Number of protein chains: 2
Amino acid sequence: MVRGRISRLLVRDVRFPTSLGGHGSDAMHADPDYSAAYVVIETDAEDGLKGYGITFTLGKGTEVVVCAVNALAHHVLNKDLKDIVGDFRGFYRQLASDGQLRWLGPEKGVVHLATAAILNAVWDLWAKQEGKPVWKLLVDMDPRMLVSCIDFRYITDVLTEEDALEILQKGQVGKREREEQMLAQGYPAYTTSCAWLGYSDDTLKQVVTALQQGWLRADLPVKNLFLQMMDANQRWDVPEAVEWMSKLAKFKPLWIEEPTSPDDILGHATISKALVPLGIGVATGEQCHNRVIFKQLLQAKALQFLQIDSCRLGSINENLSVLLMAKKFEIPVCPHAGGVGLCELVQHLIIFDYISVSASLKNRMCEYVDHLHEHFKYPVMIQQASYMPPKDAGYSTEMKEESVKKHQYPDGDVWKKLLAAQEN
Amino acid sequence: MVRGRISRLLVRDVRFPTSLGGHGSDAMHADPDYSAAYVVIETDAEDGLKGYGITFTLGKGTEVVVCAVNALAHHVLNKDLKDIVGDFRGFYRQLASDGQLRWLGPEKGVVHLATAAILNAVWDLWAKQEGKPVWKLLVDMDPRMLVSCIDFRYITDVLTEEDALEILQKGQVGKREREEQMLAQGYPAYTTSCAWLGYSDDTLKQVVTALQQGWLRADLPVKNLFLQMMDANQRWDVPEAVEWMSKLAKFKPLWIEEPTSPDDILGHATISKALVPLGIGVATGEQCHNRVIFKQLLQAKALQFLQIDSCRLGSINENLSVLLMAKKFEIPVCPHAGGVGLCELVQHLIIFDYISVSASLKNRMCEYVDHLHEHFKYPVMIQQASYMPPKDAGYSTEMKEESVKKHQYPDGDVWKKLLAAQEN
């Protein structure tokens, strides 16, 4: 089935001027312009199919990720797609452990984001060639093949290849029923596009109205909808997080998200230990940079909700390992989404997680933000506050060419105008 | 004293083709070309002084760091140097927490390396204006001023500003004697330029001869000189590290360096717990990306030797916080050096550490590698296997313009020739 040799890799810097509307603003990121390094790969096969991959950025620095994609491109060019996916673990490691580029990480920061963008494009292409959406490609894949996509380096003290295989084989039981359930009902979502720090009171009121119209999950009254989760965006040190959340416990939040540095495993463990008795869970993950961090957060009982990100970890390959570790520790995965395309991508992972790994919806939901979907060729479908499984082949990563052209930085029309206005 | 407004920031991509000789090759980095992103800042002051800063890289990807330096440059340009050093904590945080660039880290990977290069240039310029080598600038600095350079965010559960001040004030006692001792005897060094993985047997023999001629520290017989430390370069998973080192314990290594992923705090703790009873310490740090990681390694008793790196952490500002935390836990600091300029820079930190913080040489030494010093204007001075305190003003970061020109990538003479040869 898999065919063609990668003949071209193109990467573009696409930015949406969201800071003008205060969208996405939080305590640590005051003025994000939601952006993406957008990778397109082509093959010499006659089918004309292309693979599209993104990693999410906040504006400035997208050009740095673009530069890193170009530095990694030689690992992809002139490779047969069948050789890549036939030894996907090896290919992952080649990208993530390039003998010279590795020093700039390893497996973190700009180079890892670039790795994610490239691998996302490879998965999109693979799924398109198979004629399936990525979630379905994963659900139908033999457990041994799935396991062969994962680099177990640095996690075998918690998850070996054998452990992974066992989990996936158990996940085969009831798989068909869960797939039907997903197709009928979708995966539960929750929205966070309601309370960005930069929003005015008027905007907040509009948001409340919108929520009342369509976004109330039946089990959540409005006051809880706002209060159920709190997000600190890494603002606190460990003692502050414990102190503040102890005071806020009376509002019964389900979780406190990103209470401190995403690198602070022991800090999250201390916070969890203090807050779990108060009924508050700790959630983190959107800025946790690789599987080694998630492994430790699980080992240290440092979180109660695990928030994977489809564009920060090394694509599906690394996310698979995190989903499996979360299953082993029985910690619910509640993905981070929003930004540019994060909803489009992560829905595939969480639907696969339910069907083939977790087999549970308890305490689980996937973030949803209603921004920028209009720029995607296959935007997410939300029905009754649930992500409906995508039906188009691929990873839902392809953007509309018109949108890309207009928002390319700095020479797209949108930016030409904004930059000219800034100069005046 | 401090004067001028930063009027220009220039960054260059300088690479030495060390992979041709196998220098620096190890289990994870087979073919490094020792390189640097080299930052030069100028002011509008009439003294004509410039600040030079580097971060170390391994060849490919230096252009990505250069790109990140340019993305950060607007934080530096048109700032008064006195405003920068007058609120150095604020300036550090501005660079490390740029609302848009932060997403690409935070405080890790390419953007943090770029931050280090810029801050290193600022420290070089400051010390030059004061007419002192950096170590002396630090030693003479009032403890309150030193503390004002440190961003304590995310480490106050281990080290508060008050703790830091107390340590530094205690360090004033006996300072003058220790400074005299350093000036007379220098700081103990050990060399690792003897056993790169890519070296032939002949090269190894030459190295042994060289070592016998000048590098024998009196207390170390030759067989121990080779055996005293082992370096795994992150090759192992946690169970492998314990298994291999238990077998190698009979050789009585002082430490095992980088036994596994630099992100794996709990893994290092497990390894330490298994090896310390066998008389083997764990050393790590050259790829630990920020103070939050070092904080946890100390909290978890995960290392017995702490290896700071002058170009990976956020320059002197962040290294100060790590030196102080190490002092609090009484863990010896044995810096990583080698590469391009790492010896030149880190000698300032470790000499300051001895005079003003640790006040001890027990179990302490600083790595030394005899490569590429000839390209620096103020190269390290080694006498009797010790780093002699630099006397020239600045951070010893300035390279010879002729070397930079020749090794600039890809248009310096050295690379023009090599790249042309590759094409033939």
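Residues numbered from 1 in each chain as written. Chains lettered and ligands numbered in written order. Predicted model: local features only at pLDDT ≥ 70, side-chain atom pairs only at ≥ 80, totals over all residues. Heavy atoms only, no water.

Things to note about the overall build of chain A
And then number 1: On a plain count of helices and strands, chain A comes out with 17 helices and 11 strands.
And then number 2: Computed over the C-alpha atoms, the radius of gyration of chain A is 21 Å, within 12% of the 22 Å expected from 2.2 N^0.38 for a compact globule of 424 residues.
And then number 3: With the C-alpha coordinates of chain A rotated into their principal frame, the extents come out at 60 × 60 × 45 Å.
And then number 4: In chain A, buried positions account for 63% of the 424 residues.
And then number 5: For chain A, restricting intrachain contacts to residue pairs at least 6 apart in sequence, the fraction spanning at least 24 positions comes to 75%.
And then number 6: Charge-centre separation for chain A: the mean point of 45 positive side chains lies 3 Å from the mean point of 54 negative side chains. (Helix = DSSP H or I, 4+ residues; strand = E, 2+ residues; numbered from the N terminus. Rg over C-alpha atoms; globule rule 2.2 N^0.38 Å. Buried < 20%, exposed > 50% of the residue type's maximum accessible area, 1.4 Å probe, protein only. Contact = heavy atoms within 4.5 Å. Lys, Arg positive; Asp, Glu negative; His and termini not counted. Charge placed at Lys NZ, Arg CZ, Asp CG, Glu CD.)

Concerning the pattern of salt bridges
Residues and elements named next belong to chain A.
And then number 1: Taken as a whole and assessed by the stated rule, the structure comprises 54 salt bridges over all chains.
And then number 2: Here Glu-42 makes a salt bridge to Arg-8, at a shortest N to O gap of 3.0 Å. Highlighted residues: Glu-42 in strand S2 (residues 35–43) and Arg-8 in strand S1 (residues 6–15), separated in sequence by 34 residues.
And then number 3: Residue classification places Glu-42 among the buried residues on the basis of a relative accessible area of 19%.
And then number 4: Take Arg-8: its relative accessible area is 41%, and that puts it in the partly exposed class.
And then number 5: Between Lys-327 and Glu-330 there is a salt bridge; the shortest N-O distance is 3.6 Å.
And then number 6: Of the residues examined, Glu-330 reaches a relative accessible area of 53% and is grouped as exposed.
And then number 7: In the salt-bridge network here, residues are joined through shared partners; they are Asp-124, Lys-128, Lys-377 and Glu-398. (Salt bridge = Lys/Arg side-chain N within 4 Å of Asp/Glu carboxyl O.)

A word on the relation of the copies chain B and chain A
And then number 1: Least-squares fitting of chain B to chain A yields an RMSD of 0.0 Å, with the transformation described by 0.0 Å of translation along the axis and a rotation of 180°. Interpreted geometrically, this transformation is the action of a two-fold axis. Across chain B, the smallest distance between a C-alpha and the rotation axis is recorded for Gly-109 of chain B, namely 2.2 Å.
And then number 2: When the interface residues of chain B are mapped onto chain A, 100% of them again lie at the interface, so the same face is used by both copies. (Least-squares fit on C-alpha atoms with pLDDT ≥ 70 in both.)

Examining the interface of chain B and chain A
And then number 1: Counting residues at the interface gives 65 residues for chain B and 65 residues for chain A.
And then number 2: Where chain B meets chain A, there are six salt bridges.
And then number 3: In this structure, the connection of chain B to chain A is made through 37 residue pairs in polar contact (both at pLDDT 80 or more).
And then number 4: Counting residues per element, the ones that place at least two in the side of chain B that touches chain A are strand S3 (50–57), helix H1 (62–72), helix H4 (109–130), helix H11 (238–248), helix H12 (265–275) and helix H13 (291–299) of chain B.
And then number 5: Residue contributions to the side of chain B that touches chain A peak at six residues, all from H1 of chain B.
And then number 6: For the side of chain B that touches chain A, the class distribution of residues is 28 nonpolar, 20 polar and 17 charged. (Polar contact = N/O pair within 3.5 Å; in protein donor to acceptor, adjacent residues only side chain to side chain. Nonpolar A, V, L, I, M, F, W, Y, C, P; charged D, E, K, R; others polar.)

Some details on the nonpolar core
A general tendency of soluble globular proteins is for nonpolar side chains to be buried together.
And then number 1: In this structure, Phe-88, Trp-123 and Leu-306 of chain A together with Phe-88, Trp-123 and Leu-306 of chain B are the most contacted members of the largest nonpolar core, which totals 233 residues.
And then number 2: The residues touching Leu-306 of chain A, leaving out its near neighbours within four places in the chain, are Thr-284, Phe-294, Leu-298, Val-322, Ala-326, Ile-331, Pro-332, Val-333, Cys-334 and Pro-335 of chain A. (Core = buried A, V, L, I, M, F, W, Y, C linked by side-chain atoms within 4.5 Å.)

Here we look at the packing of aromatic side chains
Residue and element names in this part refer to chain A.
And then number 1: Applying the stated rule across the entire model yields 23 aromatic pairs over all chains.
And then number 2: For the pair Phe-88 and Trp-126, a centre-to-centre distance of 6.0 Å together with 55° between the ring planes defines the contact as tilted. Of the two residues, Phe-88 sits in helix H3 (residues 88–96) while Trp-126 sits in helix H4 (residues 109–130), which places them 38 residues apart along the sequence. No difference in accessibility class separates Phe-88 from Trp-126, as the two residues are buried. (Phe/Tyr/Trp six-rings, centres within 6.5 Å; stacked < 30°, edge-to-face > 60°.)

Description of the packing of helix H14 (residues 315–329) of chain A against helix H15 (residues 342–358) of chain A
Residue and element names in this part refer to chain A.
And then number 1: Where H14 meets H15, the axes come as close as 11 Å, and the angle between the chain directions of the two elements is 45°. The orientation of H14 with respect to H15, classified from their angle, is oblique. The hand of the H14/H15 crossing is right-handed. Seen from H14, the contacting residues are Ile-316, Asn-319, Leu-320, Leu-323, Leu-324 and Lys-327; seen from H15, they are Leu-349, Phe-352, Asp-353, Val-357 and Ser-358.
And then number 2: Partitioning the contact of H14 with H15 into residue classes produces seven nonpolar, two polar and two charged. (Axes fitted to C-alpha atoms, helices over the stretch in contact; angles between N-to-C directions. Parallel < 35°, antiparallel > 145°, perpendicular 65-115°, else oblique. Left-handed = near helix turned anticlockwise from the far one by under 90°.)

Regarding empty space enclosed by the protein
Residue and element names in this part refer to chain A.
And then number 1: Counted by the stated rule, this structure contains seven cavities of 30 Å³ or more.
And then number 2: Its volume calculated, the largest cavity comes out at about 70 Å³.
And then number 3: In terms of lining, the largest cavity is formed by 13 residues, of which the most central are Leu-95, Ala-96, Leu-101, Glu-107 and Val-111.
And then number 4: Broken down by secondary-structure element, the contributors of at least two residues to the lining of the largest cavity are H3 and H4.
And then number 5: Here the element with the most residues in the lining of the largest cavity is H4; it accounts for three residues.
And then number 6: Residue classes in the lining of the largest cavity are distributed as six nonpolar, three polar and four charged. (1 Å grid on protein atoms, 1.4 Å probe; cavity = no way out; pocket = protein on both sides within 12 Å on 5 of 7 lines; lining within 4 Å. Points joined across faces, edges and corners; volume = space filled by probe spheres on them.)

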